[in-house]
Amino acid sequence: MNDFMEVSFNANSENEAFIRAVAASFILRLNPTIQDVYEVKTIVSEAVTNAIIHGYEDKPDGIIKVRMQIDERGVHIEIWDDGCGIEDIEQALEPMYTSKAEQERSGLGFSIMEEFSDKMRVKSKVGEGTRIYVTKYLQGE
Amino acid sequence: MNVNFDLQKNVLIIQPVCDLDHHHVEQLREVIDYNIGKKEVHHILFDLSEVSFADSSGIGLILGRYKKIGEKKGQAGFINVLESVKAVLKISGVFLLAKEYKNQKAAVEALSKGGRK
């Protein structure tokens, strides 16, 4: 099995629930466990929230793209924005680090994504945007 | 509003009825803080029975409210946390700060009698 899908949408926080539902339904054919579904939803949710809050700084006309590819072993997820980019990726990946403490961000988004995925890579260029690549192997039921 | 409130003794029970994601958290924060600010509220109890999804934004909301009730020298607790939600909350270490109780009665009993910090 090898299949992919791609969705683009505005950087509007209402789309967070939408893309979680899309991600969950796309992987259903792999017979994931409930926990697997939850983890994929969380990975996508964290990345899209980052793109909205940090990448586009709450400007909803920005565009976010999510691409998911599945094979027998699991799912590869790519989350892509054309926002402001991350200056210091290493710092952004530190647990509890947040550039927006005043907004009560926990600084745990990337930590949770790492915890729930098997591989994660962040590519970013200031002024150009950010791409996040995640691989998650599914156990199946 | 996507949240129910109930005051039992001096414990404010906060029951969100939505995903605890960035979108909903932005709407919940103000109304929860307004209720925490009432003088009869000494402690808070999160009833997560209607929360089927939470991510780091939800953790931010919970930690922020924990701080708020801490400013009033109060304690926080949880009931009815779904297993999958628990897995996310565990990453934050929030259960070291606020205990999970087996039911509302036990939680209200313990929190209201536990006194302030």
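Above this text you will find the structure in question.
Residues numbered from 1 in each chain as written. Chains lettered and ligands numbered in written order. Predicted model: local features only at pLDDT ≥ 70, side-chain atom pairs only at ≥ 80, totals over all residues. Heavy atoms only, no water.

### A look at the overall build of chain A
Threshold: Helix and strand assignments come from DSSP, with helices taken as H or I runs of at least 4 residues and strands as E runs of at least 2, each series counted from the N terminus. Atoms counted for the radius of gyration: C-alpha only. Globule rule: 2.2 Å times the number of residues to the power 0.38. Each residue is assigned to one of three classes by its accessible area relative to the maximum for its type, calculated with a 1.4 Å probe on protein chains only: buried under 20%, partly exposed between the two thresholds, exposed over 50%. Note on contacts: a residue pair is in contact if any heavy atoms of the two residues lie within 4.5 Å. Note that accessible areas follow from Shrake-Rupley with a 1.4 Å probe, and for residues the cover is restricted to the protein chains shown. Only four residue types enter the charge count, namely Lys and Arg as positive and Asp and Glu as negative; His and the chain termini do not. Note that the charge is assigned to NZ on lysines, CZ on arginines, CG on aspartates and CD on glutamates.
From N to C terminus, chain A includes 4 helices and 5 strands. Mapped from its N terminus to its C terminus, chain A presents α and β elements in the order β-α-α-β-β-α-α-β-β. A compact globule built from 141 residues would reach a C-alpha radius of gyration of about 14 Å, and chain A, at 14 Å, matches this within 12%. When the 141 residues of chain A are sorted by exposure, 52% land in the buried category. Sequence-distant contacts in chain A: of pairs separated by 6 or more residues, those separated by 24 or more amount to 65%. Working note: accessible area of chain A is about 6,900 Å², and carbon and sulfur atoms make up 46% of it. Looking at charge distribution, chain A has the averaged site of its 15 positive side-chain charges lying 5 Å from that of its 26 negative ones.

### Here we look at the interface of chain B and chain A
Quick reminder of the rule: In this description, buried area is defined as the sum, over both parts, of the accessible area (probe of 1.4 Å) that is lost when the two are combined. Whenever Lys or Arg places a side-chain nitrogen within 4 Å of a carboxyl oxygen from Asp or Glu, that contact is recorded as a salt bridge. For the purposes of these results, a polar contact is taken to be a pair of N or O atoms within 3.5 Å, where, inside protein, one atom must be able to donate a hydrogen and its partner to accept one; residues adjacent in sequence count only when each atom of the pair is a side-chain atom. Three classes are used, and their members are as follows: Ala, Val, Leu, Ile, Met, Phe, Trp, Tyr, Cys and Pro are nonpolar, Asp, Glu, Lys and Arg are charged, and the others, Gly among them, are polar.
Taken together, the contact pairs 22 residues of chain B with 24 residues of chain A. Approximately 1,900 Å² of surface area, both sides summed, lies buried where chain B meets chain A, with 56% of it carried by carbon and sulfur atoms. Interface area lost by chain B to chain A is led by His22, Phe53 and Ile91 of chain B, which between them contribute 32%. At the junction of chain B with chain A, the criterion picks out 4 salt bridges. Among the salt bridges present, the one from glutamate 104 of chain A reaches arginine 65 of chain B, with a minimum N-O distance of 2.8 Å. Between the two partners, chain B and chain A, sit 13 residue pairs in polar contact (both at pLDDT 80 or more). Where the side of chain B that touches chain A is concerned, the elements lending two or more residues are α1 (22-36), α2 (56-71) and α3 (83-92) of chain B. When residues of the side of chain B that touches chain A are assigned to their parent elements, the largest contribution, 7 residues, is made by α2 of chain B. Classifying every residue of the side of chain B that touches chain A gives 8 nonpolar, 9 polar and 5 charged.

### Some remarks on helix α4 (residues 109-116) of chain A
Burial analysis of α4 of chain A places 6 of its 8 residues in the buried class, the great majority of the element. Considered for burial, the residues of α4 of chain A that qualify are Gly109, Phe110, Ser111, Ile112, Met113 and Phe116 of chain A. Where α4 of chain A is buried, its residues meet α2 (34-55), α3 (89-93), β4 (119-125) and β5 (129-137) of chain A together with α2 and α3 of chain B.

### Overview of the sheet that holds strand β4 (residues 76-79) of chain B
All names here are of chain B. Applicable threshold: At least two bridges found by DSSP between two strands are what make those strands a pair. Only C-alpha atoms enter the line fits that serve as axes; for helices the fit covers just the stretch in contact. Angles between N-to-C directions range over 0 to 180 degrees.
Pairing within the open sheet is mixed, and its 5 strands lie in the order β1-β2-β3-β4-β5. Each of the sheet's edge strands pairs with one partner strand only, and the pair in question is β1 (3-8) and β5 (99-100). With 4 bridges connecting them, strand β3 (residues 43-47) and β4 associate as parallel partners. Directly across from leucine 45, in β4, lies its bridge partner glycine 77. In the packing of α2 onto the sheet, contacts are made with β3 and β4, and the angle to β3 comes to roughly 160 degrees.

### Brief notes about the nonpolar core
Note the cut-off: We define a nonpolar core as any set of buried Ala, Val, Leu, Ile, Met, Phe, Trp, Tyr and Cys residues linked to one another through side-chain atoms lying within 4.5 Å.
Counting residues in hydrophobic clusters, the biggest one holds 67 residues, and the most contacted among them are Ile64, Met68 and Ile77 of chain A. Judged by nonpolar contacts, the second largest core, of 8 residues, contains Val11, Ile79, Ala107 and Leu111 of chain B.

As far as function goes, none of this settles anything; it's purely spatial.
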